[in-house]
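Here is what each chain is made of, one letter per residue.
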Amino acid sequence: QVQLVESGGGLVQAGGSLRLSCAASGTGIRIDTMGWYRQAPGQQRGLVADITRGGSTNYADSVKGRFTISRNNAKNTVYLQMNDLKPEETAVYYCKVTVLTWDYWGQGTQVTVSS
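Only a predicted model underlies this, so the values are computations on that prediction, with no experimental measurement involved.

**Brief notes about the pattern of salt bridges**
Any two side chains of opposite charge can pair, on the condition that their charged atoms come close. By the definition in use, this model includes six salt bridges. Close ionic contact of Arg30 with Asp32 constitutes a salt bridge, the shortest N to O distance being 3.3 Å. The partly exposed category is assigned to Asp32, whose relative accessible area is 22%. Here Asp103 makes a salt bridge to Lys96, at a shortest N to O gap of 3.8 Å. The class of Asp103 is partly exposed, set by a relative accessible area of 43%.

Following this line, the structure appears as structure tokens:
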């Protein structure tokens, strides 16, 4: 069983920055892909960015150049540095990790960007 604890959400003005963290815990786990998704009210959850164990990254087009995903394999932690945030990026941000063929989701952290 894998448990995820997210942190770092909050309220920020447009153009500001936030850093999200997600720490995974579990006995003997070896995490493959780690990623961040977001879901705004009335919208589907969508990928923001993900990163493989080897460090290959993938970003949604809308965040390229502003967001940076990184991970610390020794700590089983993934980070999302978000710069130049926009009001339309207000959403609940969810962490997802993959262990073998299983996906595990965090509880979500609210990010609110005021205009």
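Now that the structure has been shown, the text picks up again.
**A closer look at the state of the cysteines**
One pass over the full model with this rule turns up one disulfide. Put simply, Cys22 and Cys95 are joined by a disulfide, and their sulfur atoms are 2.2 Å apart. Taking the torsion about the sulfur-sulfur bond, which here is approximately -80°, the covalent link between Cys22 and Cys95 counts as left-handed. Highlighted residues: Cys22 in strand β3 (residues 18-25) and Cys95 in strand β9 (residues 91-99), separated in sequence by 73 residues. On the accessibility criterion, Cys95 (0% relative accessible area) is buried.

**Description of the packing of aromatic side chains**
For the structure on display, the rule yields two aromatic pairs. With a centroid separation of 5.0 Å and an interplanar angle of 65°, the aromatic rings of Tyr37 and Trp105 are classed as edge-to-face. Of this pair, Tyr37 sits in strand β4 (residues 34-39) while Trp105 sits in strand β10 (residues 102-105), placing them 68 residues apart in sequence. Taking relative accessible area as the criterion, Trp105 reaches 37% and is therefore assigned partly exposed. Each ring, one from Tyr94 and one from Trp105, has its centre 6.5 Å from the other, and the planes form 80°; the classification is edge-to-face. Separated by 11 residues along the polypeptide, Tyr94 in strand β9 and Trp105 in strand β10 bring together distant segments of the chain. Judged by relative accessible area, Tyr94 falls into the buried class, the value being 15%. Through a chain of ring-to-ring contacts, the aromatic side chains of Tyr37, Tyr94 and Trp105 assemble into a single cluster. A cation over an aromatic ring shows up here: Arg45 above the ring of Tyr94, its NZ or CZ 3.6 Å from the ring centre.

Conventions adopted
- Residues numbered from 1 in each chain as written.
- Predicted model: local features only at pLDDT ≥ 70, side-chain atom pairs only at ≥ 80, totals over all residues.
- Heavy atoms only, no water.
- Salt bridge = Lys/Arg side-chain N within 4 Å of Asp/Glu carboxyl O.
- Buried < 20%, exposed > 50% of the residue type's maximum accessible area, 1.4 Å probe, protein only.
- Disulfide = S-S within 2.5 Å.
- Helix = DSSP H or I, 4+ residues; strand = E, 2+ residues; numbered from the N terminus.
- Phe/Tyr/Trp six-rings, centres within 6.5 Å; stacked < 30°, edge-to-face > 60°.
- Lys NZ or Arg CZ within 6 Å of the ring centre and 35° of its normal.

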